[in-house]
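A closer look at the structure
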Amino acid sequence: LSATQPDWVTKTAAKHLHNPLTVQVVSQQPPPDIEHTLYDMDPSMKLDALRTLLNRQGPDPIIVFGRTKHGVKKLALQLQKMGYSVAALQGNMSQNARERVMTDFRAGSVRVLLATNVAARGLDVPDVSLVVNFDIPPDPEYYVHRIGRTGRVGRGGVAITFVNPREMPELRMIERAT
């Protein structure tokens with residue numbers, strides 16, 4: 001089940017499945033109510049900006065997306081040292097480690113999930129009210145999936161993206177596609 005079906009999914013399904021079917025559901029529900037906000041800033045200001053957002057946000061769970069495994073782990077360590085309840089989720093983790101992180105996040109013992117695009121699809125945590133793109137996603141499809149972690153089950157949500165002048169081409173591509 002996915003909000004999008006890129007070519008690689010279609011090709012993989014055709015390669016490995018016998019007579020695959022695609023079911024497309026046309027919903028009568030309005031799209032999720034997600035407020036999109038963009039902050040244009042120097043990369044050196046991103047950590048302070050994130051801390052400000054975390055300090056102002058209520059108790060609901062928050063997902064912060066980074067671009068790389070190393071960057072997500074580094075950011076998690078920085079925020080943990082500052083006293084924030086965070087956990088990192090990235091592709092080099094074992095399935096057991098990923099499940100532990102998600103169990104803690106869903107239970108509320110971890111308030112902030114820092115993740116790579118491994119968490120952009122398939123995560124269903126209904127109370128996420130804020131998604132932060134600490135690093136701009138590499139393409140529009142990831143943007144759609146990342147922000148889709150909020151505004152679920154009829155609730156509103158907020159998606160905030162940090163961007164710097166060098167990333168404007170990626171931003172324009174996302175704007176055109178969405």
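Description of the structure in this document. The shown structure was predicted, so the numbers you read here are calculated from the model rather than taken from an experiment. (Residues numbered from 1 in each chain as written. Predicted model: local features only at pLDDT ≥ 70, side-chain atom pairs only at ≥ 80, totals over all residues. Heavy atoms only, no water.)

**A few points about the sheet that holds strand β5 (residues 130-133)**
Overall, parallel pairing links the 6 strands, which are arranged β1-β6-β5-β2-β4-β3 in an open sheet. Across the chains shown, the open sheet's two edge strands, defined by having one partner strand only, are β1 (34-40) and β3 (86-89). Each neighbouring strand pair of the sheet contributes to a mean axis angle of 20°, computed without reference to strand direction. In the sheet, strand β2 (residues 62-65) pairs with strand β4 (residues 112-115) via 4 bridges, with the strands oriented parallel. Bridge pairing in β4 links Val-64 to Leu-114. Along the sheet, helix α3 (residues 69-81) contacts β2, β3 and β4; its crossing angle with β3, the most-contacted strand, is approximately 175°. (Pairing = 2+ DSSP bridges. Helix = DSSP H or I, 4+ residues; strand = E, 2+ residues; numbered from the N terminus. Axes fitted to C-alpha atoms, helices over the stretch in contact; angles between N-to-C directions. Contact = heavy atoms within 4.5 Å.)

**Here we look at the packing of helix α2 (residues 46-56) against α3**
In the contact formed by α2 and α3, the axes pass within 12 Å of each other and the chain directions differ by 55°. Taken together, the axes of α2 and α3 lie oblique to each other. Seen along the crossing, α2 lies across α3 with a hand that is right-handed. Together, Leu-47, Leu-50, Arg-51 and Leu-54 of α2 and Leu-75, Gln-78 and Leu-79 of α3 make up the contact between the two elements. Looking at the contact of α2 with α3 residue by residue, the class counts come to 5 nonpolar, 1 polar and 1 charged. (Parallel < 35°, antiparallel > 145°, perpendicular 65-115°, else oblique. Left-handed = near helix turned anticlockwise from the far one by under 90°. Nonpolar A, V, L, I, M, F, W, Y, C, P; charged D, E, K, R; others polar.)

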